Amino acid sequence: MPKNEKTYITNANFMLHGGDYNPDQWLDRPDILADDIKLMQLSHTNTFSVGIFAWSALEPEEGVYNFEWLDKIFEDIYRIGGRVILATPSGARPAWMSQKYPEVLRVNAARVKQLHGGRHNHCFTSPVYREKTQTINGLLAERYGGHPALLMWHISNEYGGDCHCDLCQNAFREWVKVKYNHDLKAVNDAWWGPFWSHTYSDWSQIESPSPNGESMVHGLNLDWRRFVTDQTIDFFENEIVPLKKITPDVPITTNFMADTFDLIPFQGLDYSKFAKHVDVVSWDAYPAWHNDWESTADLAMKVGFINDLYRSLKQQPFLTMEMTPSAVNWHQVNKAKRPGMHLLSAMQMVAHGSDSVLYFQWRKSRGSSEKFHGAVVDHDNSPENRVFQEVAKVGVTLEKLADVVGTNRPSDVAILYDWDSNWAINDAQGFGLESKRYPQTLQQHYRTFWEKDIPVDVITKDQDFSKYKLLIVPMLYLMSEDTISQLKTYAAEGGTLVMTYISGLVNEHDLTYLGGWHKDLQEIFGIKPVETDTLYPKDRNAVMFRQKSYELKDYATVIEVNGANVEGVYEDDFYANTPALTSHSYGQGKAYYIGGRLEDDFQRDFYQELIDELVLESASDVKHGRGVSVQARHASEKDYLFLMNFTEQSQPVSLGSAVTDALTGEQLTGDLLLEKYEVRIVEKQK
Ligand code: GAL
């Protein structure tokens, strides 16, 4: 996307502020529903995701519909100038449906059918469930498709999980047949069938991984996970048929997730595939702020990483579909956001490309499992409490940021994230079972750029590499020939490529490359990794790089050099003084290989050289210490800079050129002090 072009992902030209609203829980309390409308205005909220789990309110009995309550909600929200994100209700279903059509119930990996209850537990193959969702979705589209308050569609909720019923087993078999051109030998070859006598002699023997969802047949595991993604998308596509037909201009999203507690991308579905089917990427961000195992800045860095991944999926702004105004209820410890943290965490989302701050939940429910989950409106029903006030402050701030909507964050640096590879490396029995930590390794590499305010795209393998000056590919264990050839072209045409230990070991079937490292990788890097040594958690080695020693843990690759320059060497063990870090000119570009897992200071110093050499620019000329992050969004005449203090101390910031406070209009120059958790948003003319 060109630097200053705006991309509007919805037809709203304002920042969305609001969130999941469940009036269906309060239909016998018109007084509460009336209060909601007043409180919406007082909280400076404008957008509400309605109907997410409302199926039993919409269709209390099979074929008996009740939309009147929703008509009124639409009208009331529209009357105050608000907008509705209308959800399809498939995330949970009415009891009558489970009772009458047990095929809609999910079967777990041990082949046990689940009882009715909970949510997010439907079979994604069931023809009945597909038909029922299409019917209700069609009725919603017909009734509300033309309503001026309708902003977009929210399909289901947080798709995830898998089903192992007979319908799904059949669907999987069909999927495998199509993938392998109806050639059973090709399946056996790809899955390395003879291992432990897993050769199939008939298609009917193929089943989802067992026992318990995991198999020792890695190719099968990988294909099952791919199937689960495809089948989930297929279910989603089935849901949206009537919406595309009746409301072709209303954008469609479904809320993606991240895995807490380490805050890494969601592992269950390949979002790089899913993103192609939605108009807008949105996600639910629940970092455990103020936890007792990492600093606020460390956690903020991880949030930044996921934001940059989900933004890069479509290379356009995204939506924060859910975050909590205060505490959640499902972490191990559910700590309240400290004063200031709500505004700071909300602005961090916007700074990385979000065009919304939406919450779970608008009003705290009275009963059941989410009655103590943070909400804009608490059980006290009051606009006076701290949380409500902090939400209102976010609202006022967002109202001043309408010009930020649609703006982007161009970047010269990309880090490659891959779901396939992550699944495969997690399966790999070898290395250190606890220490592989693929997503966390990418975050370690991301950290340097985050600390230096250099914008990063976290991209996936199907994207265009050529626009980046620097492409970082840590631990890409699984690489198809296609990916290898893309990397080859990238380097040959002038890109700077950085790769690490445990990369390029297996192909897309999780079968190792024979004959050593792939010959193209050997050619690009001018090396051949010959052994990967895994260290015990307490073991340490070190790497000498530019006369400085950096601590190494977990992994060290023994490298044979065939043309590369040696930039760093191991200090200890049987490979002491052998190459640990190499560089190699290849075509117009350059390829670096980092053989060991090194401390953060190494990444800081190593990447600083590349930052200087490739002239990788920071988002601004603002200078600050560690724990402060400055992120930018670029409008045509000015940049919006978000100056964020993710530490518990006040932090001096030196502004560089003159800027204007985006909220107060105040001119600012020289130095500024950011208080604990403070965020300032400033405009800088181009
Ligand atoms: C999300 C979910 C919401 C709500 C929220 C609580 O994962 O989509 O419905 O349960 O968690 O944090």
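Residues numbered from 1 in each chain as written. Predicted model: local features only at pLDDT ≥ 70, side-chain atom pairs only at ≥ 80, totals over all residues. Heavy atoms only, no water.

Visitor: Even after reading the chapter, I still don't get a nonpolar patch on the surface, so can you show me in this structure?
Guide: A contiguous nonpolar surface patch, about 500 Å² in accessible area, is contributed by Trp192, Phe195, Trp196 and Met216. Structurally, Met216 can be placed in the loop between helix H7 (184-190) and helix H8 (218-246). Since its relative accessible area comes to 40%, Met216 is described here as partly exposed. (Patch = residues over 30% accessible without salt bridge, like charges linked within 9 Å, V, L, I, M, F, W, Y side chains within 5 Å. Areas by Shrake-Rupley, 256 points an atom, 1.4 Å probe, with all protein chains shown as cover. Salt bridge = Lys/Arg side-chain N within 4 Å of Asp/Glu carboxyl O. Helix = DSSP H or I, 4+ residues; strand = E, 2+ residues; numbered from the N terminus. Buried < 20%, exposed > 50% of the residue type's maximum accessible area, 1.4 Å probe, protein only.)

Visitor: Is there a simple way to explain the site of the ligand in this structure?
Guide: The ligand sits among Phe53, Arg119, Asn157, Glu158, Asp284, Tyr286, Glu322, Trp330, Phe360, Glu370 and His373. Here an oxygen atom of the ligand and a side-chain polar atom of Asn157 are 2.9 Å apart. A distance of 2.5 Å is found between an oxygen atom of the ligand and a side-chain nitrogen or oxygen belonging to Glu158. Protein coverage of the free-state accessible area of the ligand, which is 310 Å², stands at 94%. Each residue belonging to the shell around the ligand can be placed in one class, and the counts come to four nonpolar, two polar and five charged. (Near = heavy atom within 4 Å. Polar contact = N/O pair within 3.5 Å; in protein donor to acceptor, adjacent residues only side chain to side chain. Nonpolar A, V, L, I, M, F, W, Y, C, P; charged D, E, K, R; others polar.)

Visitor: Can you help me understand the side chain of Thr483 in this one?
Guide: Counting through the fold element by element, Thr483 comes out in helix H15 (residues 481-492). Thr483 has contacts with Lys461 and Leu476, leaving out every residue within four places of it along the chain. (Contact = heavy atoms within 4.5 Å.)

Visitor: Help me understand empty space enclosed by the protein, please; the structure alone is not making it clear to me.
Guide: Rolling a probe over the atoms, with the probe sized like a water molecule, indicates the empty space that remains. Taken as a whole and judged by the stated rule, the model has six cavities of 30 Å³ or more. Quantified by volume, the largest cavity comes out at close to 70 Å³. In this structure, the largest cavity is lined by Gly91, Arg106, His120, His122, Phe124, Ser156, Asn157, Glu158, Tyr159, Gly160, Thr232 and Phe235. Classifying every residue of the lining of the largest cavity by side-chain character gives three nonpolar, seven polar and two charged. (1 Å grid on protein atoms, 1.4 Å probe; cavity = no way out; pocket = protein on both sides within 12 Å on 5 of 7 lines; lining within 4 Å. Points joined across faces, edges and corners; volume = space filled by probe spheres on them.)

Visitor: Even after reading the chapter, I still don't get the sheet that holds strand E5 (residues 252-253), so can you show me in this structure?
Guide: Strand pairing within a sheet occurs via backbone hydrogen bonds; the two strands may be parallel or antiparallel. With parallel pairing, six strands are arranged side by side in an open sheet as E5-E4-E3-E2-E1-E11. With partners counted over all chains shown, the strands left at the sheet margins are E5 and strand E11 (356-359), one partner each. Bridge analysis of strand E1 (residues 16-21) against E11 gives four bridges, and the strand direction is parallel. Bridge assignment links Leu16 to a residue of E11, and that residue is Ser356. (Pairing = 2+ DSSP bridges.)

Visitor: Got a minute to help me understand the packing of aromatic side chains in this structure?
Guide: Here a ring pair, both rings aromatic, is described through the centre-centre distance and the interplanar angle of the planes. All told, the structure shown has 49 aromatic pairs when counted by the stated rule. With 4.6 Å between their ring centres and 20° between their planes, Phe195 and Trp196 make a pair best called stacked. Taking the ring centre of Tyr129 as reference, the NZ or CZ of Arg93 above it sits at 5.9 Å. Of note, Arg363 hangs over the ring of Trp26, and the distance from its end group to the ring centre comes to 5.7 Å. (Phe/Tyr/Trp six-rings, centres within 6.5 Å; stacked < 30°, edge-to-face > 60°. Lys NZ or Arg CZ within 6 Å of the ring centre and 35° of its normal.)

Visitor: Looking at this structure, I do not really get the nonpolar core. What am I missing?
Guide: Most often, soluble globular proteins have nonpolar side chains that are buried together. Formed by 196 residues in total, the largest nonpolar core has its most connected members in Trp191 and Tyr310. Those residues in contact with Trp191, other than ones at most four positions away along the chain, are Phe172, Val176, Tyr180, Tyr200, Ile206, Val217, Gly219, Leu220 and Asp223. Core analysis: the next-biggest nonpolar cluster, separate from the first, contains 14 residues, Val628, Val630, Leu641 and Leu655 among them. (Core = buried A, V, L, I, M, F, W, Y, C linked by side-chain atoms within 4.5 Å.)

Visitor: Would you explain the side chain of Lys684 in this entry?
Guide: Tracing the sequence through the fold places Lys684 in strand E30 (residues 679-685). With sequence-adjacent residues up to four places away left out, Lys684 is seen in contact with Asp621, Glu637, Lys638, Asp639, Leu641, Ser657, Ala658 and Val659.

Visitor: What's the story with helix H1 (residues 30-42) in this structure? I'm lost.
Guide: Spanning 13 residues, H1 covers 19 Å between terminal C-alpha atoms, matching the ideal 18 Å at 1.5 Å per step. Among the residues making up H1, those that are buried are Ile32, Leu33, Asp36, Ile37, Leu39 and Met40. Those residues of H1 that are buried lie in contact with E1, strand E2 (47-50), helix H3 (68-79) and helix H12 (386-399). Positioned one or two residues after H1, His44 has a phi angle of 55°, which is positive. (Expected span 1.5 Å × (residues − 1).)

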